[in-house]
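Chains, contacts and geometry: an overview
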Amino acid sequence: MTAGASVHSVNKRNDDTWLLPAEQDAWRAYIEVQGDLINAIERDLTGHHLTLGDYQVLVYLSEADEQSMRMCDLADVLQLSPSGLTRRLDRLVAGGFVARQGSRDDRRVMMGSLTETGRELLERTAPHHVDSVRRRIFDHLDESQVAAMTSIFTAISQGLATSGTSGDSAETAAL
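Just so it is clear, the structure is predicted and the values come from calculations on it, not from any experiment. (Residues numbered from 1 in each chain as written. Predicted model: local features only at pLDDT ≥ 70, side-chain atom pairs only at ≥ 80, totals over all residues. Heavy atoms only, no water.)

1. Digging into the layout of surface pockets
Inclusion rule: For cavity detection a 1 Å grid was placed over the protein atoms alone, and a set of points counts as a cavity when a 1.4 Å probe fits there but cannot get out; an open set counts as a pocket when protein lies on both sides within 12 Å along at least five of seven lines, with lining residues being those that have an atom within 4 Å of a point. Grid points are joined across faces, edges and corners, and a volume is the space filled by probe spheres set on the points. Helix and strand definitions here come from DSSP, where helices need a minimum of 4 consecutive H or I residues and strands a minimum of 2 consecutive E residues; each element is numbered from the N-terminal end. We call Asp, Glu, Lys and Arg charged. Ala, Val, Leu, Ile, Met, Phe, Trp, Tyr, Cys and Pro are nonpolar, and the rest, Gly among them, are polar.
Of the pockets and cavities examined, the second largest pocket occupies roughly 210 Å³. Lining the second largest pocket, in full, are Asp65, Glu66, Ser68, Gln101, Gly102, Ser103, Arg104, Asp105, Met111 and Ser113. Those elements that place two or more of their residues in the lining of the second largest pocket are β2 (98-102) and β3 (110-114). A class-by-class count of the residues in the lining of the second largest pocket yields 1 nonpolar, 5 polar and 4 charged.

2. Here we look at the sheet that holds β2
We count it as follows: Between any two strands, pairing holds if DSSP finds at least two bridges. Helix axes use the C-alpha atoms of the stretch in contact, all axes being lines fitted to C-alpha atoms, and the angles between their N-to-C directions lie in the range 0 to 180 degrees.
In space, the 3 strands of this open sheet follow the order β1-β3-β2, with antiparallel pairing throughout. The sheet terminates laterally at β1 (68-70) and β2, the two strands that pair on one side only. Averaged over all pairs of adjacent strands, the angle between their axes in this sheet comes to 25°, without regard to strand direction. Across 5 bridges, β2 lies against β3 in antiparallel orientation. In the strand pairing of β3, Val98 is matched with Leu114.

Worth remembering: the numbers are spatial, not functional.
Next up, the structure:
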């Protein structure tokens, strides 16, 4: 935002066809860094033979009650289709990091569970991942920028939740 510009002037639109200069700058900064950032964090996990997606599975399972989740719930939180989750879990199951089994409460439900080997892998990997995130993101930000980042992504998340993420033409036009 330029000196003297207010939030109201940044958000005031005379023509919805184009992003305002400040919006364009913010959008470009985001879109140009997000792929590089994810790739860098992925590279940092390769020494542990994990992808960021694998790491997310281990984290979500480690945080779940009894370190186990219904497969449909795990797919939802990871934003994967059932077949996408199956592909994601195949290598983790083969490595003994995650187990698939039927639910004790409902035989129709499949569960994904973190194994002891998976928990140990997560415990070994987590300090390296935290260091990667810190080096790639937080070492470049001051306290107010971290607070702004939290506020920005919380607002975007809330906006997506209230408007849906179906990708209608208005949502995809900015791409």
